[in-house]
There are 2 protein chains.
Amino acid sequence: MAHIAEIIAVGTELLLGNIANTNAQELSQALSSLGINVYWHTVVGDNAGRLREAVERARNRADIIITTGGLGPTYDDLTKQTICRAFGRELVLHPDIVARIRARYERNLHSPMPENNVRQAELPVDCIIFDNPVGTAPGCAFEENGVHVLMLPGPPFEMRTMLERWAIPYLRRLSEAVIVSRDIMTFGMGESQIEALLRDKMERMTNPTLATYAKPSEVRLRATAKAASAEAAEAMLSPVVSDVTALLGDIVYGVDVRGLEYVCVSGLRERGLTLATAESCTGGRLAARLTAIPGVSAVYRGGVVSYWTQIKADVLGVPADTLDAYGAVSEPTARAMAECVCRVTGAPVGVSVTGVAGPDRDERGVDVGIVYIGLATPDGTFCRALDLGNRRRDILQNLAGNHAFDLLRRWLSGLPLEL
Amino acid sequence: MAHIAEIIAVGTELLLGNIANTNAQELSQALSSLGINVYWHTVVGDNAGRLREAVERARNRADIIITTGGLGPTYDDLTKQTICRAFGRELVLHPDIVARIRARYERNLHSPMPENNVRQAELPVDCIIFDNPVGTAPGCAFEENGVHVLMLPGPPFEMRTMLERWAIPYLRRLSEAVIVSRDIMTFGMGESQIEALLRDKMERMTNPTLATYAKPSEVRLRATAKAASAEAAEAMLSPVVSDVTALLGDIVYGVDVRGLEYVCVSGLRERGLTLATAESCTGGRLAARLTAIPGVSAVYRGGVVSYWTQIKADVLGVPADTLDAYGAVSEPTARAMAECVCRVTGAPVGVSVTGVAGPDRDERGVDVGIVYIGLATPDGTFCRALDLGNRRRDILQNLAGNHAFDLLRRWLSGLPLEL
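Numbers given to residues run from 1 along each chain, matching the order in which its sequence is written. Written order decides the labels, with chains lettered from A and ligands numbered from 1. In view of the model being predicted, local features appear only for residues whose pLDDT reaches at least 70, and side-chain atom pairs are presented and counted only at 80 or more, with totals across whole chains, interfaces and linings using the full set of residues. To obtain the side-chain values, all non-hydrogen atoms of the structure were used and water was disregarded.

## Observations regarding the packing of helix 7 (residues 191-204) of chain A against helix 8 (residues 230-248) of chain A
Residues and elements named next belong to chain A. In plain terms, the rule: All axes are obtained by fitting lines to C-alpha atoms, using only the stretch in contact for helices, and the reported angles, taken between N-to-C directions, cover 0 to 180 degrees. Note on conventions: DSSP H or I runs of at least 4 residues are helices, E runs of at least 2 residues are strands, and numbering of each starts at the N terminus. Each crossing gets its hand from how the near helix is turned against the far one by less than a right angle, where anticlockwise is left-handed and clockwise is right-handed. By definition in these notes, contact holds between two residues if any of their heavy atoms fall within 4.5 Å. Three classes are used, and their members are as follows: Ala, Val, Leu, Ile, Met, Phe, Trp, Tyr, Cys and Pro are nonpolar, Asp, Glu, Lys and Arg are charged, and the others, Gly among them, are polar.
Orientation of helix 7 relative to helix 8, taken along the N-to-C sense of each, is 140°, at an axis distance of 11 Å. Our pair here, helix 7 against helix 8, has a crossing hand that is right-handed. Mapping the contact onto sequence places Ile-194, Leu-197, Leu-198 and Lys-201 in helix 7 and Asp-243, Val-244, Leu-247 and Leu-248 in helix 8. Taken together, the residues of the contact of helix 7 with helix 8 sort by class into 6 nonpolar, no polar and 2 charged.

This is how it looks when you write it as structure tokens:
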């Protein structure tokens, strides 16, 4: 039978919104990759009564309880005391840990250990001690009538270190299954359209499962399999991936890739090509997405943000009569921008975006959401003309960028260029 | 008596650790600034039984329940159905909302509305409808025996929009006092330094309160006052703002402004100047941040992303001997990039960034984190040389961008250019 885990984060700073509960996210990722179901996250403040309530609840609906926070030296750090009360355990002082904390203070902080830090050396009887190499508060774990309780410190860096060093090995011994996921990345179809295509399939599936996660203009499909071994899970997943890919066709741009720009960068690498960008309404977003990728300089030369029409002429060299005759937001200008940025940078491939991101029409009265993507290649120059509708500026800019990368990746992989 | 709120986030993607629960953080910030106590965050998956359990628990320990997520069009979106069952309310279909969603599809997405979207137009009887201007799923609120239930969509930008537009006004009516906040924005000092300067003040203050929110390289100080009227709250805040500003000096770049680039844009407007950018390691992030601001074309002409050294020479016209003698990451190159981008774009002001974002040293062995900011102005050209240390690529790129905007805003407002 699969384990059920509940994550309890302790800290008033979470309830005040000073920080997000990223610890719960990291723990959840680790637990699901161990095949442990996480059914609940709970956040309580530094309050013994409510923490006690959360623990009592958790022990009745989960067999693994992981707490983060409340292990500090101050009076409002109550996790160990409260959990010991709930499980009827004594706290015992570990002089060797006191000595270690004292030494750490003198070594790293060059100051004597404040006496209240002694509380950090008190741990439940008969627990497994999680030594903390990056902080003063040790964590611990114990098992009581089939319920495993793990306590980890709150500071994210300490939590992560203790998770990898202690919690994951402890939990691996408990879990019999592994969980493996595949992310099928798509561009060009809305979530509800994709759901309509896959709904029957998704409802029938129990293991592997298939779920959709939508961002504006992009839908990720995650197939998740639970099995005795990674190999077995992989074997269960590959037919799902091929089925879905067959069903959705070339809107699937990759599996387990992080975004359209990553597919473009590897496509350019494989073809031994370099790229330059010419951006108007996306205002540097193509460049920024490309340069977020380490080592992209192997395939990306740079580009021009020709926000003013005059820059399109002066820096890129778009012919003035093209701009006069058709305007800055037009197919001829998009084509010229892509060809010109190749000329000025020496790149064999150039992609351009010109459009109206709003909130107002452009000076020629072109509507918000009208976008032209240009793509200059050794095979010739192509254009995708789009009416993305009157949406929020940042969504339009991001969507236009996705279309630019989609046009490029389609050319790189020899697919039909149109959606 | 003060209200007690519980935030329930619905979504299996949270329990799998695919995303962090940033919605709970934003809601908590808003609630605490309204003087509403948040005692619990709960996260459940797309599971009717566990969501029902969470709702039953919440209604017994809180008088405000806010849910995020589960309002989508797909079969696993269960929030409205489950809450209506818990509170014994019917769901009623609103044909006008169906029409609105249908129109939105045709207008913005140029595709017919999938029929399963009709579910999004079903809302509890006698609820206040939260119209969703940035998505298809409307939210809603109702009150049942003193318990207020608010349902908001899950996608963070939709949640934020609905929070500001609907939830905050709704909740403000419940709380007897008016809460007003001022955000004091700073750049150039770490959170712990600022807290060391302000600790005594912050600890003594109860109303107004003063809290710090840190991002890498930027610290926001929020002063919050609770009073009978907005005017009274404003009156309580202005001395706090002046005190803090006096204490921190010119690291305060604005009050209630959204970021350094906004201060730069208004400074350029006031001075009647236009700007161009030349970016190497920031790879288009300056341009992207500027072009995120509507109407920025009044002051921003565009720029060059000179990622390859050759582009610095060919497109910007940085002298080859400067590049050979000092390298691409050097003060002379940063100065030349800023001056050259003014020349090629005709802008009177140019800002440049060249540096090593990592993960590896550059070909000349310059360390990760070494960054030079250039600023060309009618008063002459300036440079800020930085060693930002070996940090994560995205943090370095963002930090370098903030330094570029800080140098510019200091010049625009006649402040000392160095931190």
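## A look at the sheet that holds strand 15 (residues 349-355) of chain B
Test applied: By definition, two strands form a pair when at least two bridges between them are found by DSSP.
Spatially, 17(A)-16(A)-15(A)-13(A)-14(A)-14(B)-13(B)-15(B)-16(B)-17(B) is the arrangement adopted by the 10 strands of the open sheet, whose pairing is mixed. What marks the edges here is a single partner per strand, and that holds for strand 17 (380-387) of chain A together with strand 17 (380-387) of chain B. The mean angle between the axes of side-by-side strands here comes to 15°, regardless of whether they run parallel or antiparallel. Bridge analysis of strand 13 (residues 275-279) of chain B against strand 14 (residues 300-305) of chain B gives 5 bridges, and the strand direction is parallel. Note that in strand 14 of chain B the partner of Ala276(B) across the bridge is Gly302(B).

## What to know about the packing of aromatic side chains
Residues and elements named next belong to chain A. The following threshold applies: The pairing test for Phe, Tyr and Trp rings, Trp by its six-membered ring, is centres within 6.5 Å, and the orientation test on the planes gives stacked under 30 degrees, edge-to-face over 60, and tilted for anything in between. Under the scheme applied here, a residue whose accessible area is under 20% of the maximum for its type counts as buried, over 50% as exposed, and between as partly exposed, the area being computed with a 1.4 Å probe on protein chains only.
Throughout the structure, instances matching the rule amount to 8 aromatic pairs over all chains. Aromatic pair Phe-130 and Trp-166: ring centres 5.6 Å apart, planes at 10°, arrangement stacked. Note that Phe-130 is positioned in strand 6 (residues 128-130) and Trp-166 in helix 6 (residues 156-172), a separation of 36 residues in sequence. The exposure class of Trp-166 is partly exposed, given its relative accessible area of 25%. Relative to Tyr-170, the ring of Phe-130 lies with its centre 6.4 Å away and its plane at 70°, an arrangement referred to as edge-to-face. Note that Phe-130 is positioned in strand 6 and Tyr-170 in helix 6, a separation of 40 residues in sequence. Judged by its relative accessible area of 1%, Phe-130 falls in the buried class.

## Observations regarding the sheet that holds strand 8 (residues 147-152) of chain A
Strand order in the open sheet made by the 12 strands is 6(A)-7(A)-8(A)-3(A)-1(A)-2(A)-2(B)-1(B)-3(B)-8(B)-7(B)-6(B), with mixed pairing throughout. The two strands at the open ends of the sheet, each matched to only one other strand, are strand 6 of chain A together with strand 6 (128-130) of chain B. Each adjacent strand pair in this sheet contributes to an overall mean axis angle of 15°, direction not counted. Relative to strand 8 of chain A, strand 7 (residues 139-144) of chain A is paired through 5 bridges, and the arrangement is antiparallel. By the bridge assignment, Ala141(A) is partnered in strand 8 of chain A with Leu150(A). Packing against the sheet, helix 2 (residues 22-33) of chain A makes contact with strand 1 (4-10), strand 2 (37-44), strand 3 (64-68) and strand 8 of chain A, and its axis sits at approximately 165° to strand 1 of chain A. In this fold helix 4 (residues 79-86) of chain B packs onto strand 1 (4-10), strand 3 (64-68), strand 7 (139-144) and strand 8 (147-152) of chain B, with an angle of close to 170° to the strand it touches most, strand 8 of chain B.

## Details of the side chain of Lys201(B)
Residues and elements named next belong to chain B. Operational definition: Here a polar contact means two N or O atoms within 3.5 Å. Within protein one must be a hydrogen donor candidate and the other an acceptor candidate, and residues neighboring in sequence count only if both atoms are side-chain atoms.
Its place among the elements puts Lys-201 in helix 7 (residues 191-204). A polar contact of 3.3 Å, which involves the side chain of Lys-201, links it to the side chain of Asp-243. Among residues more than four places away in sequence, those in contact with Lys-201 are Asp-243, Val-244 and Leu-247.

## Re the interface of chain A and chain B
Keep this limit in mind: Summed over both partners, the accessible surface that disappears when two parts come together, traced with a 1.4 Å probe, is what is meant by buried area. Salt bridges are defined by distance alone: a side-chain nitrogen of Lys or Arg within 4 Å of a carboxyl oxygen of Asp or Glu.
Facing 74 residues of chain A, the contacting portion of chain B comprises 73 residues. With both sides pooled, the region where chain A packs onto chain B buries about 5900 Å², and carbon together with sulfur makes up 57% of that total. In terms of surface lost to chain B, no three residues of chain A exceed Leu15(A), Trp40(A) and Trp308(A), which account for 10% of the buried area on that side. Our count for the contact surface shared by chain A and chain B stands at 2 salt bridges. The dominant element in the side of chain A that touches chain B, judged by the number of residues it contributes, is strand 2 of chain A, at 7 residues. Along the lines of polarity and charge, the residues of the side of chain A that touches chain B split into 32 nonpolar, 26 polar and 16 charged. Two elements, strand 2 of chain A and strand 2 (residues 37-44) of chain B, share 5 bridges in a ladder whose sense is antiparallel. If you follow His41(A) over to strand 2 of chain B, its bridge partner there is Val43(B).

## What about helix 6 of chain A?
Each α-helix winds once per 3.6 residues, and so residues spaced three or four apart point in a common direction. This is how it is decided: Two axes enter the bend calculation: one fitted to the seven residues ending at the residue in question, the other to the seven starting there, and the bend is the angle between them.
Along helix 6 of chain A, the sharpest kink reaches roughly 50°, centred on Leu163(A). The complete set of buried residues in helix 6 of chain A reads Glu158(A), Met159(A), Thr161(A), Met162(A), Leu163(A), Ala167(A), Ile168(A), Tyr170(A) and Leu171(A).

## Looking at the environment of Ser280(A)
All names here are of chain A. Looking at where Ser-280 falls in the secondary structure, it is placed in the loop between strand 13 (275-279) and helix 10 (285-291). Residue classification places Ser-280 among the buried positions, given a relative accessible area of 7%. Sequence separation between Ser-280 and Thr-354 is 74 residues; the distance between their C-alpha atoms is 4.9 Å. Leave out the neighbours within four places in its chain, and Ser-280 touches Ser-306, Tyr-307, Lys-312, Met-337, Val-353 and Thr-354. Polar side-chain contacts of Ser-280 include one of 3.1 Å to the side chain of Lys-312.

## Looking at the side chain of Asn132(A)
Residues and elements named next belong to chain A. Looking at the element boundaries, Asn-132 is found in the loop between strand 6 and strand 7. Only 2.8 Å separates the side chain of Asn-132 from the backbone oxygen of Ala-137, close enough to count as a polar contact. Sequence-distant contacts of Asn-132, that is, excluding residues within four places in its chain, are made with Ala-137, Pro-138, Pro-153, Glu-158 and Met-162.

## Structural notes on the pattern of salt bridges
Pairing between side chains of opposite charge can happen when their charged atoms approach one another. Per the counting criterion, the structure on display carries 49 salt bridges over all chains. For Glu144(A), the salt bridge is made with Arg89(A), and the minimal N-O distance between the two is 2.8 Å. One end of the pair, Glu144(A), is in strand 7; the other, Arg89(A), is in the loop between helix 4 (79-87) and strand 4 (91-93), with 55 residues separating them in the sequence. According to the relative accessible area criterion, Arg89(A) is buried, its value standing at 16%. The salt bridge partner of Arg222(B) is Asp183(B), with a shortest N-O separation of 2.9 Å. Of this pair, Arg222(B) sits in strand 11 (residues 218-227) while Asp183(B) sits in strand 9 (residues 178-187); the two residues are 39 residues apart in sequence, bridging distant segments of the chain. One connected set of salt bridges, linked through shared partners, spans Asp250(A), Arg384(A), Asp406(A), Arg409(A), Arg410(A) and Glu418(A).

## A word on the environment of Val149(A)
Residues and elements named next belong to chain A. Along the polypeptide, Val-149 turns up in strand 8. Of the residues examined, Val-149 reaches a relative accessible area of 1% and is grouped as buried. For the pair Val-149 and Met-205, spaced 56 residues apart in sequence, the C-alpha separation works out to 33 Å. Sequence-distant contacts of Val-149, defined by excluding residues within four places in its chain, comprise Ile-65, Ile-83, Phe-87, Cys-140, Ala-141 and Phe-142.

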